[in-house]
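# Per-entry structural report
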Amino acid sequence: MLQQLFAPQLVALYILIASTLYVHFRGRERLRIARQLGDHSTYLAPYNVLMYAGSAIPNQPVIPVERFPELAKLSENWETIREEAVRLFDEGFIRAAAKNNDWGFYSFFKSGWQRFYLKWYDDFLPSARSLCPRTVELLNSIPTVHGAMFAMLPPGGRLGAHRDPFAGSLRYHLGLLTPNSDKCRILVDGVPCVWRDGEAFMFDETFIHSAENATDVNRIILFCDVERPMKYRFMTAINRWVSHHIVKASATQNMEGEHVGVLNKVFGKLYEVHIASRRVKEWNRKVYYALKYSVMVGIVGLIVLSALW
C-alpha cells in the first residue's frame, strides 16, 4: 500500500497540489478557489515554485527598477521609443489580434486593450524590424529582455484581477504616452503603480494584479518580459531553456504571414471549444460547473486509479 501511495503518478500529483497551494496563498491577494483550480498558473505552479526558490530577487510584488541597470537605456531613450510607438498607433498597427491566435492576452481584447509585438522570447518580429527599427536596436542591446511589445489601454479600459502563469520572467513597464494621472494605474498585490511619461517600474506578474485607465486619454507603454535573475547558474540555464523552447512556442503575429507558435495554433483550435463552453454557461451555470468539475475530478481519479492498479 505504501508503495502505491508513492507511485510516480501520485508523487507528481502531490507536488502539483502543494505547489498550487503555495502559489494560491502567496501574497495578500488571491483568486477564488474555484477559479484557481482552472487557472493556468495552477498547471505551471511546480515550475514557478522552483523559480521562486532560486530567485535572486526578493519575493515581493514590486521590485526597484534600479536593480536592473541594463534597462536604464530604455528610460533614457523613452522619447525616441515613444515617437515610434505613437506613429504605429496613429497608423493602426497597435491593435487587437485579427485571429484567435494570441492565447496569452486574448481576454484583454474585450476591454479595448491593444498591442504590437516587438520581440517574443528570442526573435524580433519582421514587422517590428521594419516599422520601429530604433526601438528594436535598443532592445537588441539588452539580452535579458526576452519579450517586448507596445501596449495600449483605452479610456475607461480595465483589466480584471489575474496572475500571469510564468515566473521565469519579471514585467517591466515604461510610460510612453500616458494620462500622467493616479487614475491610470496597475495594482500589484494591492500595491499601486501609476504610469507616467518617461517613468518605469518593475513587478512580479505572478502576483495578482489588475489595471485601469479611468481617464479620457489613451495609455501607451513599452511592456517587456525581463529574465528573472537566479542565484545559481544551473537554474539560469534551466530557465533560459524553458523560455527559448517552451514559452517561445506562444509567439504570435502582428501581420499576416508572420510566425505563429505551436501553442497559439493549438489555442486557435481549442478556442472553438471555449466558445461552446461559454454558451453552456450562459444557458445554465449549474450544468456548466457540474461538467467542468466532473472533468477535473475525473482526471484526478484516473491518475489515482493508474497508481493503485
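Residues numbered from 1 in each chain as written. Predicted model: local features only at pLDDT ≥ 70, side-chain atom pairs only at ≥ 80, totals over all residues. Heavy atoms only, no water.

By the naming in an unreviewed UniProt entry, the chain goes by Aspartyl/asparaginyl beta-hydroxylase domain-containing protein and is assigned to Bradyrhizobium australiense. Regarding the chain, the relevant UniProt record gives this comment under Sequence similarities (unreviewed entry): "Belongs to the aspartyl/asparaginyl beta-hydroxylase family." (UniProt positions renumbered as here; feature names shortened; annotations may be inferred.)

The next subject is the environment of Arg219. Within the element layout of this structure, Arg219 appears in strand β11 (residues 219-227). For Arg219, a relative accessible area of 3% gives the class buried. Taking the C-alpha atoms as reference points, Arg219 and Pro179, separated by 40 residues in sequence, lie 6.5 Å from one another. Once residues lying within four places of it in the same chain are set aside, the contact partners of Arg219 are Trp113, Ala151, Met152, Leu153, Leu177, Thr178, Pro179, Cys184, Trp195 and Asn213. (Helix = DSSP H or I, 4+ residues; strand = E, 2+ residues; numbered from the N terminus. Buried < 20%, exposed > 50% of the residue type's maximum accessible area, 1.4 Å probe, protein only. Contact = heavy atoms within 4.5 Å.)

It is worth spelling out the pairing of strand β10 (residues 209-213) at this point. Within β10, 4 of the 5 residues are buried, which leaves it mostly tucked inside the rest of the structure. The sheet contact formed by strand β5 (residues 158-162) and β10 spans 3 bridges and is antiparallel. Residue pairing in the sheet places Arg158 in a bridge with Glu212 of β10. (Pairing = 2+ DSSP bridges.)

Within the open sheet, the 4 strands sit side by side as β5-β10-β7-β8. Their pairing is antiparallel. The strands lining the two open edges of the sheet, one partner per strand, are β5 and β8 (191-194). Taking each pair of neighbouring strands and ignoring which way they run, the sheet shows an average axis angle of 15 degrees. (Axes fitted to C-alpha atoms, helices over the stretch in contact; angles between N-to-C directions.)

Right, let's get into the pattern of salt bridges. Counting across every chain of the model gives 15 salt bridges. A salt bridge links Glu205 to Arg171; the nearest nitrogen and oxygen atoms lie 3.6 Å apart. Residue Glu205 is located in the loop between β9 (200-203) and β10, and its partner Arg171 is located in strand β6 (residues 169-177); the two are separated by 34 residues in the primary sequence. In this structure, Arg185 and Glu212 form a salt bridge, with 3.3 Å as the shortest nitrogen-oxygen distance. With Arg185 in strand β7 (residues 184-188) and Glu212 in strand β10, the pair connects residues that are 27 residues apart, well separated along the chain. Classification of Glu212 by relative accessible area gives partly exposed; the value is 25%. (Salt bridge = Lys/Arg side-chain N within 4 Å of Asp/Glu carboxyl O.)

Let us now look at the pairing of strand β4 (residues 145-153). Burial analysis of β4 places 9 of its 9 residues in the buried class, the great majority of the element. The pairing of strand β2 (residues 114-120) with β4 spans 6 bridges and is classified as antiparallel. Bridge pairing in β4 places Arg115 opposite Ala151. As paired elements, β4 and β11 share 8 bridges and run antiparallel to each other. By the bridge assignment for β11, Met149 is matched with Phe223.

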